[in-house]
Amino acid sequence: IYSCCYLSRRLNQLSSHDPLWKRHCKKYWLISEEEKSQRNQSWKAIFISTYSDLGRYIRYYATLKKAWDDLEKYLGQRCPRMIGSLKESVREEDLDAVEAQIGCKLPDDYRCSFRIHNGQKLVVPGLMGSMALSNHYRSEDLLDIDTAAGGFQQRLGLKQCLPLTFCIHTGLSQYMALESVEGRNKYEIFYQCPDQMARNPSAIDMFITGTSYLEWFTSYVNKVVTGGYPIIRDQIFRYVHDKECVATTGDITVSVSTSFLPELSSVHPPHYFFTYRIRIEMSKDALPEKACQLDSRYWRITNAKGDVEEVQGPGVVGEFPIISPGRVYEYTSCTTFSTTSGFMEGYYTFHCLYYKDKFFNVTIPRFHMVCPTFKVSTARMVSGDAETNHNEYAVDEDEDSTDTDEYEDRRRVLDIPAPSGRCPRHT
């Protein structure tokens, strides 16, 4: 008995040892010393009170809170308007009310994120990224819980899907499947893609963007805060740059970043739309007489079947930019493939300004474009619209890729306008 009493007393002392609770507070709730001082409570009391409110999210809270904190810190100096559009957290009972309204359970990682920030106001620019090309513009807001609930789908093709984002210019949303129906996995996140060749209007293909809310949100934030997505005119542009996609010829360096546009793409018919952003820069250490002007471009475009198309033309975006030491020129363009992937490479031809009869080529590095994973509509396959053994990776591929340099749209550094409508290629 004495031993048991002694053991109980020691356990009680150990459980009240504040430094032990400090570690748990920092690990699970990211409580700082400053916040602890402001609360004027012991670490144990802070842990218990926080757990009573957020305990069901203990697996997710630290990861999501860090992602939100990192995002706010990074965008605070770069996109202050965007940070100002974020909404305060929602209450647990608000999330319960939404579940009752839509008749589906929300995943805990999604709920946890909204206990930190309730999405953002419907404004431009959107937190989840932008894209501008010619007269096409997209900017996706992270929807607040009430707006998302209002867009909850029960119609065939999008049954039991909750919108996570929305673009007021294109009407584009990313959806999360709350149940495993119509060929989707539970909590899978995707862009909808209407099947233009199916007779069934509920045939909707999907471009997959995430397997869970936690993975979807934190991977996006990581891209932003590590500089993987460029910040241009207070907006996050979702261009992906491969660090190996850089070529230097003499004093001139060319680098390329790319992006897939789901809203201008389709699986049926196979039409995959990509945009690319090219940066041409002359070293600041180059001699002044190295200044030159771009005369023409040459492209070699190869699709996934190995079909090759060659394109040559004057200038870029209708311009003939002059490059001098330390100067940067950037522009965006687009291309389409009937295959799920392809690559481009080529060169620019320049002439020297000081020696006008001297011409030289500057290499454009090979850059690859790959369509994200997609799933075809189960309604298409059930209705008999599919031709033969069609799965989520197989498409009919019978067209060559098309260089769309004639639709290139000039973009200066930190000078991208926000046009509306659709790309001229689709008007």
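Residues numbered from 1 in each chain as written. Predicted model: local features only at pLDDT ≥ 70, side-chain atom pairs only at ≥ 80, totals over all residues. Heavy atoms only, no water.

Here helix 7 (residues 92-102) has its buried residues at Glu92, Leu95, Val98, Glu99 and Ile102. End-on view of helix 7: buried residues confined to an arc of 120°, all on one side of the axis. Facing away from the buried surface of helix 7 by more than 90 degrees, the exposed residues are Ala100 and Gln101. Its buried side turned inward, helix 7 meets helix 8 (108-114) and helix 9 (145-150). Backbone geometry just downstream of helix 7 places Gly103 in the positive-phi region, at approximately 75°. (Buried < 20%, exposed > 50% of the residue type's maximum accessible area, 1.4 Å probe, protein only. Helix = DSSP H or I, 4+ residues; strand = E, 2+ residues; numbered from the N terminus. Arc of directions from axis to C-beta. Contact = heavy atoms within 4.5 Å.)

Counted under the stated rule, the structure contains 23 aromatic pairs. Ring centres of Tyr213 and Phe217 lie 5.8 Å apart, and the angle between their planes is 10°; this geometry places the pair in the stacked category. On the criterion of helical spacing, the pair formed by Tyr213 and Phe217 is a turn pair, its members being four residues apart in helix 10 (residues 213-225). Since its relative accessible area comes to 1%, Tyr213 is described here as buried. Judged by its relative accessible area of 0%, Phe217 is buried. Through a chain of ring-to-ring contacts, the aromatic side chains of Trp68, Tyr110, Phe114, Tyr213, Trp216 and Phe217 assemble into a single cluster. (Phe/Tyr/Trp six-rings, centres within 6.5 Å; stacked < 30°, edge-to-face > 60°.)

Along the polypeptide, Ser180 turns up in the loop between strand 6 (174-177) and strand 7 (189-194). Distance from Ser180 to Gln160, taken between C-alpha atoms, is 8.9 Å for residues 20 residues apart in sequence. Apart from residues no more than four positions distant in its own chain, Ser180 is found in contact with Asn185 and Lys186. Of note is the side chain of Ser180, whose polar atom sits 3.0 Å from the backbone nitrogen of Lys186. (Polar contact = N/O pair within 3.5 Å; in protein donor to acceptor, adjacent residues only side chain to side chain.)

With that settled, consider unusual backbone geometry. The step from Val124 to Pro125 runs through a cis peptide bond, and the omega angle for that step is 10°. Note on placement: Pro125 falls in the loop between helix 8 and strand 1 (130-133). For the bond running from His268 to Pro269, omega is 0°, close enough to zero to count as cis. With respect to the element layout, Pro269 can be found in the loop between strand 12 (252-260) and strand 13 (272-282). One non-glycine residue, Leu30, lies in positive phi territory at about 55°. Looking at the secondary structure, you find Leu30 in the loop between helix 2 (18-28) and helix 3 (33-39). Residue Leu30 is classed as partly exposed on the basis of its relative accessible area, which comes to 32%. Phi is positive for Gln160, close to 60°, though the residue is something other than glycine. With respect to the secondary-structure elements, Gln160 resides in the loop between helix 9 and strand 4 (161-163).

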